[in-house]
Every structure is written in C-alpha cells, then in structure tokens.
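Each chain is listed here by its residues.
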Amino acid sequence: SAVISQKPSRDICQRGTSLTIQCQVDSQVTMMFWYRQQPGQSLTLIATANQGSEATYESGFVIDKFPISRPNLTFSTLTVSNMSPEDSSIYLCSVEDYRSNYGYTFGSGTRLTVV
Amino acid sequence: GQQLNQSPQSMFIQEGEDVSMNCTSSSIFNTWLWYKQDPGEGPVLLIALYKAGELTSNGRLTAQFGITRKDSFLNISASIPSDVGIYFCAGQETSGSRLTFGEGTQLTVNP
C-alpha cells in the first residue's frame, strides 16, 4: 500500500494559534483527503485536495478555518487556524491507493490538543 | 446525506470466539470498505468490496457486500487478543466520491 508520512504526530497548542499539518505520500496521487476524528468519534471528511486547484470543502468546514495547500502530487498541508479547545481532535490525511485495490490508505494521524 | 448505521457499538468477547458486525445504509453504495484502527494510529484497510453479493476473506476476516448494496458485514473467526481495536465500515457511492464512515465497533478480546 501507499506509505503516508504525517507530521507532527501530536501537538499541544495554545488557543488562538495555528498549526500546520504535513502529509507526504511515497507516490503521486491525484486526490488527497483530510479528515477529522473527534475524541471517541468516527471520521469526518474536511476537504478534498487536488493538485493545482482549490480544495473542495465539506459542509461545516471553511477555507478560512482549515486552509489547505497542495503544491504537488505527493504533498499536502492542512492548517488549523485560530484554534479553540473544540478543535482538539485527530487529523488524518488519506489517499486513494491503487496498490491496495483502490481502497483508501490513511496516515497515522496528528493528535491535536488545544489548551 | 448518506447515513451509515454500524452495530454493535461495542463487543466484549473471549479469545477464540467468533465476531460479527454490520453496517446498513440509507443509500446505495458501489464500494464497501472495512478498516481497523488501533490507538494512536490511523485506520488500516482490512477488506475492500466492489460488487453486490461479493464475499471476500483476508485470513480470519470475511466480509460481504449485501445484495441490496445497502449493507455489509464483517466476521472475525477465532478471535485473538491483537484483534482488539475499533472497526469501521465505510461506503462510497461512486468511484472517487467521498467516503462515508460508520460510527465504529469497539472490540475487546479477553484472553
């Protein structure tokens, strides 16, 4: 399967600050996906990031709060802006993975705590 | 939007027992995926299903894509302690469209 490196693996941040999460894939992929997993909950899609175009955000998520970059076919970043304790979650990137029979492979996640 | 109902929410079983969990959808899906998530890790793909009626195995795991395309189940046979974790189903309406995840089944296996 694709190998996804996600950084940082965890962070504790002050409210009002911003954190940028990086996702690096070992192969070129068309679409990269960013998910949020709140404590004890399932995964919720934040946005889909295509190289060379603006990300497509799901209902309830906006670009000002979660700006995304996709500078090339192997890399993306998600920024959590102006954080509040409600943003404390695990943030995961994912790609459609032809090496796993087109299932979706996930990074190991970034565990964010906002204090 | 689509809704996925996954059950049970949690299971406590003895080592060696078989386990079954399922997901039902309000919409038709073309793809069903089953994932396992260990603490501090991202979900790991277990089985992918692409055809109605398809039955696929991966070691002690077996999953089926329901005939109506609105449901799927996952069975784990002869459970072992390392099966502990959260299992998620996920459905996809069409290739390349968003995944919808179930709420997860927390599995505990007592040695």
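Scroll up to find the structure.
Residues numbered from 1 in each chain as written. Chains lettered and ligands numbered in written order. Predicted model: local features only at pLDDT ≥ 70, side-chain atom pairs only at ≥ 80, totals over all residues. Heavy atoms only, no water.

## Description of the overall build of chain A
Then, number 1: Of the regular secondary structure elements, chain A holds zero helices and 11 strands.
Then, number 2: Listing each helix as α and each strand as β along chain A from the N terminus yields β-β-β-β-β-β-β-β-β-β-β.
Then, number 3: Scaling as 2.2 N^0.38, a compact globule of 115 residues should have a C-alpha radius of gyration of about 13 Å, and chain A matches this with 13 Å.
Then, number 4: Across its three principal axes, chain A shows a C-alpha extent of roughly 40 × 30 × 25 Å.
Then, number 5: Counting only residues that meet the buried cut, chain A has 51% of its 115 residues in that class. (Helix = DSSP H or I, 4+ residues; strand = E, 2+ residues; numbered from the N terminus. Rg over C-alpha atoms; globule rule 2.2 N^0.38 Å. Buried < 20%, exposed > 50% of the residue type's maximum accessible area, 1.4 Å probe, protein only.)

## So, the interface of chain A and chain B
Think of interface size as the accessible area that goes away when the parts come together; that is how it is often given.
Then, number 1: Each partner contributes to the interface: chain A provides 19 residues, whereas chain B provides 19 residues.
Then, number 2: Note on chain A versus chain B: buried area summed over both sides is about 1500 Å², and carbon and sulfur give 52% of it.
Then, number 3: When the buried surface of chain A facing chain B is broken down by residue, S42, Y104 and F106 of chain A rank first, second and third, together holding 33% of it.
Then, number 4: Run the count over chain A and chain B and you get one salt bridge.
Then, number 5: Linking chain A with chain B are six residue pairs in polar contact (both at pLDDT 80 or more), by the criterion used here.
Then, number 6: If you list the elements that add at least two residues to the side of chain A that touches chain B, you get β4 (31–37), β5 (43–50), β9 (89–97) and β10 (103–106) of chain A.
Then, number 7: Grouping the constituent residues of the side of chain A that touches chain B by class yields eight nonpolar, eight polar and three charged. (Contact = heavy atoms within 4.5 Å. Buried area = accessible area lost by both parts, 1.4 Å probe. Salt bridge = Lys/Arg side-chain N within 4 Å of Asp/Glu carboxyl O. Polar contact = N/O pair within 3.5 Å; in protein donor to acceptor, adjacent residues only side chain to side chain. Nonpolar A, V, L, I, M, F, W, Y, C, P; charged D, E, K, R; others polar.)

## Here we look at the state of the cysteines
Then, number 1: Using the criterion set out here, one finds two disulfides over all chains in the structure.
Then, number 2: One disulfide bridge connects C23 of chain A with C93 of chain A, the sulfur atoms lying 1.9 Å from each other. Handedness here is read from the sign of the S-S torsion; for C23 of chain A and C93 of chain A, about 70°, the answer is right-handed. One end of the pair, C23 of chain A, is in strand β3 (residues 19–25); the other, C93 of chain A, is in strand β9, with 70 residues separating them in the sequence.
Then, number 3: The disulfide partner of C23 of chain B is C89 of chain B, and the gap between their sulfur atoms is 1.8 Å. Its torsion about the S-S bond being -90°, the disulfide of C23 of chain B and C89 of chain B is classed as left-handed. Here C23 of chain B is found in strand β3 (residues 19–25), whereas its partner C89 of chain B is found in strand β9 (residues 85–92), with 66 residues between them in sequence. (Disulfide = S-S within 2.5 Å.)

## Concerning the sheet that holds strand β7 (residues 68–72) of chain A
All names here are of chain A.
Then, number 1: In spatial order, the strands read β1-β3-β8-β7; together these four strands make up an open sheet with antiparallel pairing. The outermost strands of the open sheet, each flanked by one partner alone, are β1 (4–7) and β7. The mean inter-strand angle of the sheet, taken between neighbouring strand axes irrespective of direction, is 15°.
Then, number 2: For β7 and strand β8 (residues 75–80), the ladder comprises three bridges, and the chain directions are antiparallel. Its bridge partner lying in β8, N72 is registered against F75. (Pairing = 2+ DSSP bridges. Axes fitted to C-alpha atoms, helices over the stretch in contact; angles between N-to-C directions.)

## Examining the side chain of T79 of chain A
Residue and element names in this part refer to chain A.
Then, number 1: Mapped onto the secondary structure, T79 falls in strand β8.
Then, number 2: The exposure class assigned to T79 is buried, which follows from its relative accessible area of 14%.
Then, number 3: A polar contact of 2.8 Å, which involves the side chain of T79, links it to the side chain of T20.

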